[in-house]
Amino acid sequence: MATIVEAKGLCKKYDGFAAVAGLDLQIEEGEIFGLLGPNGAGKTTTILMLMGLTEPSSGTVQVCGYDPVREPLKVKRVTGYLPERVGFYEDLTARQNLRYTAELNRLPKGIAEERIARSLAAVGLSKVADQEVRTFSRGMKQRLGIADVLVKEPKLVFLDEPTSGIDPEGVGEILTIIQGMINKGITIVFCSHQLHLVERICTRVGILARGRLVAEGPIQHLGRQAMGGGKYRIKVKVNGVNPQLVNSIEQIAGVREVQGTGDTLFVNCDQDLRPQIARVIVDSGISLVGMETEEYSLEAIYTKYFTEAQQ
Amino acid sequence: MIPIFRKELADHLMSRRFLILFTLVLLTAIFATYVATQTLRKTVSENTEFVFLTVFTTSGERLPSFVFFLSLFIPIISIALGFDAINSERTSGNLSRLLSQPIYRDAVINGKFLAGLAVIAIIVISVIAIVSGLGLRIVGVPPDWEEVFRLLVFALVTVIYGAFWLALSTLFSILFKSSVTSMLASFGLWVFFFFFMSMIAGAVANALVPVDQSATVATLARNVELQGAIARISPRTLYEEAAISLLVPEIGSLNLVLMMAAIAGGRMVTPLPLVQSLLLIWPQIVAMIALAAICFAVSYIKFMKEEIRAF
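### Focus: the state of the cysteines
Residues and elements named next belong to chain A.
Point 1. With the rule as written, the count across this model stands at zero disulfides over all chains.
Point 2. Sulfur of C11: no disulfide; nearest cysteine sulfur belongs to C191 and is 18 Å away.
Point 3. Considering cysteine sulfurs only, C191 is the nearest to C202, which forms no disulfide, with 9.6 Å between them.

Now the structure itself:
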């Protein structure tokens, strides 16, 4: 996989206040990267710098092989940006709004009309394409925003809080649309503080706090990093625990620690040792009720990194 | 820039705002022409030269002339076209979407300004054409070539006057985030230039060069001259002087004292040739262009330097 976004030591200062302070970021082609962080952590500023909409105070950026500072037009031609509170010309219809975008992208008329129809269909707005945007709900406008991005058939798309202020049904629709974009091979940078959504669709996340990327990686990997110091934590439920069993589990190579409360045991180990543990339990004649590796919720990971960054 | 220019122009021409303004200007134009032609019959004698042009400058007993109406309405039209140029894009959430398209940032402000200017030109030219048509019908004397040229230059000067107000209101639309504030600021300045400037000029001149019962002609002349100089800070004065000199070729000097002396001295007032009239008002034209250029340049720089985060 090729690297599509590469930022090194990215900084942005506004009147002495550093919105982004030394950000290193690498995004691979075809992945869906979740950029997490509370309001004011520098998510939008980072996107603006990657798009060439604002100039970094220092640091270097490469997006799709171009430098957004020196060649902003080339970057903007292949990237799409859905701003947080996207707006349209209310007096124009959905189709007319997209036509304007197509004109700004200098698409020939025939190709433009075809792409507009396809984009509107992709977001499920074909039926209302010739209605004025003023009649649209918040969710419809947001979907139109995605259609607007799709018209230029980008390689890379930045979605800034695409689901804020939208009802659950609308959120579901938007996630389905995003899934469709991933299937087409579009790289997506998804900015949000709605962790459960990020957890559902992102392959990799980066946590931003105070303008710095404090953690980065696949969610489960991050979880193990954050919570267990890089270890697996396996939850074992048995029927009738005894110290002998605990002792024999501790004997398994790779097991670091066994904690127990009643019939539930927590085994910390270097790798996934579930088969070995199961054998030990069965061999000792105790019945095994259940066993699972503990998955860390993104929320727990996020809270941990974020509180660390605050200190 | 061309797609932006086209869209803005279409937006202006389709808007209710344009319809209202155009109707207003059209009605006053027709009315002013009617008044002028009624009065003309009494004032025009056999040997009056440039009969056709007098349609534009003749005022009735209670009603001002067409030129006065233009000097009043052109600022209103220009302000209406420019006061929300940038801030409405910002508040509607269109600006960041627009700027993420592959266009240079200055294309937005250039396209908008040129579209506004084109609308002003359309209004000015059509109104002058309508008044000319009516004048031709009522007066019955066709204009000669010189009169046609004078009218064309007059149209150009009027558009330049409009360009100043358009640039000013565009500047306010960048400086003020709220379009109501920028409209109020523009109209505030309009009221100031239109109503207060002459009063201030009079007051300042009287304070610096007091005129009392015993004042000599020289003092009086200095007072009037100073008053004129101060009043020329106002674009309205510049425009009216330029317009009158173009439409009343008999005006040989913009120095009121000299003019009065010439008339009092019983000297024949011979009309100036077009080139001489142009030379006479050249400073006024240049000053208006400079004012417009300064306002536009400041808006341009402000818009280009602005951090997108604030959008």
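The rest of the description comes next.
### Remarks on the environment of B:L208
Point 1. Looking at where B:L208 falls in the secondary structure, it is placed in helix α9 (residues 179-208).
Point 2. A C-alpha to C-alpha distance of 8.1 Å links B:L208 and B:N223, two positions 15 residues apart in sequence.

### Comments concerning the packing of α9(B) against helix α10 (residues 217-231) of chain B
When two helices pack together, their arrangement is given by the angle between the helix axes and by the axis-to-axis distance.
Residues and elements named next belong to chain B.
Point 1. Where α9 contacts α10, the two axes come as close as 8 Å, and the packing angle between them is 140°. By the angle class used here, α9 and α10 are oblique. Pair α9 / α10 crosses with right-handed handedness. Residues M197, A201, G202, V204, A205, N206 and L208 of α9 form the contact with α10, whose participating residues are N223, L226, Q227, I230 and A231.

### A word on the pattern of salt bridges
Point 1. Inspection of every chain in the model, using the stated rule, returns 27 salt bridges over all chains.
Point 2. Across the pair A:R99 and A:E113 runs a salt bridge, and its minimum N-O distance is 2.8 Å. Remark: A:E113 occurs in helix α4 (residues 109-122) and A:R99 occurs in helix α3 (residues 94-104); sequence separation between them is 14 residues.
Point 3. Judged by relative accessible area, which is 28%, A:R99 ranks as partly exposed.
Point 4. Sharing partners across several salt bridges, the network here consists of B:K7, B:E8, B:D11, B:E89 and B:K112.

### So, the domain arrangement of chain A
Point 1. Taken domain by domain, chain A consists of domain 1 (3-222) and domain 2 (228-295).
Point 2. Put simply, the middle of domain 1 of chain A and the middle of domain 2 of chain A, counted by C-alpha atoms, are 44 Å apart.

### Quick look at the packing of helix α7 (residues 105-139) of chain B against helix α13 (residues 274-305) of chain B
Residue and element names in this part refer to chain B.
Point 1. Contact geometry for α7 and α13: axes closest at 9 Å, N-to-C directions at 145°. Classified by chirality, the crossing of α13 by α7 is right-handed. Contacts between α7 and α13 involve R105, D106, V108, I109, N110 and F113 on the former and, on the latter, F296, S299, Y300, F303, M304 and K305.
Point 2. Grouping the constituent residues of the contact of α7 with α13 by class yields seven nonpolar, two polar and three charged.

### With respect to the side chain of A:T45
Residue and element names in this part refer to chain A.
Point 1. Relative to the elements of secondary structure, T45 occurs in helix α1 (residues 43-51).
Point 2. A residue is classified by how much of its surface remains accessible, and T45, at 8% relative accessible area, is buried.
Point 3. Discounting chain neighbours no more than four positions away, the residues touching T45 are K12, Y14, A19, V20 and T54.

### Details of the sheet that holds strand β13 (residues 287-293) of chain A
All names here are of chain A.
Point 1. Taking strand neighbours across the sheet as the criterion, the four strands line up as β11-β12-β10-β13 in an open arrangement whose pairing is antiparallel. Among the strands making up the open sheet, the edge pair consists of β11 (255-261) and β13. Mean inter-strand twist for the sheet, computed between neighbouring axes without regard to direction, equals 20°.
Point 2. Strands β10 (232-239), β11 and β12 (264-269) of the sheet are contacted by helix α9 (residues 243-251), whose axis makes an angle of about 160° with β11.
Point 3. Where helix α10 (residues 274-283) meets the sheet, its contacts fall on β10, β12 and β13, and the angle it forms with β13 comes to roughly 165°.

### Some remarks on the nonpolar core
Point 1. Among the nonpolar cores identified, the biggest contains 118 residues, and A:L50, B:F56, B:F66 and B:F154 are the most heavily contacted of them.
Point 2. Of the residues forming this core, the biggest block, 16 residues, is contributed by helix α8 (residues 145-175) of chain B.
Point 3. Among all residues touching B:F56, those that are not within four sequence positions of it are B:S65, B:F66, B:V67, B:I128, B:V131, B:S132, B:L151 and B:L247.
Point 4. Membership of the second largest hydrophobic core comes to 53 residues, among which are A:F136, A:L159, A:L197 and A:A215.

### Looking at the sheet that holds strand β8 (residues 204-209) of chain A
Residue and element names in this part refer to chain A.
Point 1. One open sheet accounts for six strands, arranged β5-β6-β7-β3-β8-β9; its pairing is mixed. At either end of the open sheet lies a strand with only one pairing partner, and these are β5 (79-82) and β9 (212-217). Put simply, the sheet's adjacent strands are angled 15° from each other on average, direction ignored.
Point 2. Contacts from α1 reach β3 (32-36), β5, β6 (156-160), β7 (187-192) and β8, with the element oriented near 150° to β5.
Point 3. Here helix α5 (residues 138-150) sits on the sheet and contacts β5 and β6; the angle it forms with β5, its principal contact strand, is near 165°.

### Focus on the interface of chain A and chain B
Point 1. Each partner contributes residues to the interface: chain A has 26 residues there, and chain B has 23 residues.
Point 2. The contact between chain A and chain B buries some 2,400 Å² in all, and 56% of this surface belongs to carbon and sulfur atoms.
Point 3. The tally of links from chain A across to chain B stands at two salt bridges.
Point 4. In this structure, A:E103 engages B:R6 in a salt bridge whose closest nitrogen and oxygen atoms are separated by 3.2 Å.

### Thoughts on the packing of aromatic side chains
Residues and elements named next belong to chain B.
Point 1. A complete count under the given rule lists 19 aromatic pairs over all chains for this structure.
Point 2. With a centroid separation of 4.3 Å and an interplanar angle of 5°, the aromatic rings of Y161 and Y239 are classed as stacked. Taken together, the residues span a long stretch of sequence, with Y161 in helix α8 and Y239 in helix α11 (residues 235-247) at a distance of 78 residues. In this structure, Y161 and Y239 share a single accessibility class: buried.
Point 3. By way of ring pairs, the aromatic residues F68, F69, F73, F187, W190, F194 and F195 are connected into one cluster.

Scoring rules and cut-offs
Residues numbered from 1 in each chain as written. Chains lettered and ligands numbered in written order. Predicted model: local features only at pLDDT ≥ 70, side-chain atom pairs only at ≥ 80, totals over all residues. Heavy atoms only, no water. Disulfide = S-S within 2.5 Å. Helix = DSSP H or I, 4+ residues; strand = E, 2+ residues; numbered from the N terminus. Axes fitted to C-alpha atoms, helices over the stretch in contact; angles between N-to-C directions. Parallel < 35°, antiparallel > 145°, perpendicular 65-115°, else oblique. Left-handed = near helix turned anticlockwise from the far one by under 90°. Contact = heavy atoms within 4.5 Å. Salt bridge = Lys/Arg side-chain N within 4 Å of Asp/Glu carboxyl O. Buried < 20%, exposed > 50% of the residue type's maximum accessible area, 1.4 Å probe, protein only. Domains from an automatic or database assignment. Nonpolar A, V, L, I, M, F, W, Y, C, P; charged D, E, K, R; others polar. Pairing = 2+ DSSP bridges. Core = buried A, V, L, I, M, F, W, Y, C linked by side-chain atoms within 4.5 Å. Buried area = accessible area lost by both parts, 1.4 Å probe. Phe/Tyr/Trp six-rings, centres within 6.5 Å; stacked < 30°, edge-to-face > 60°.

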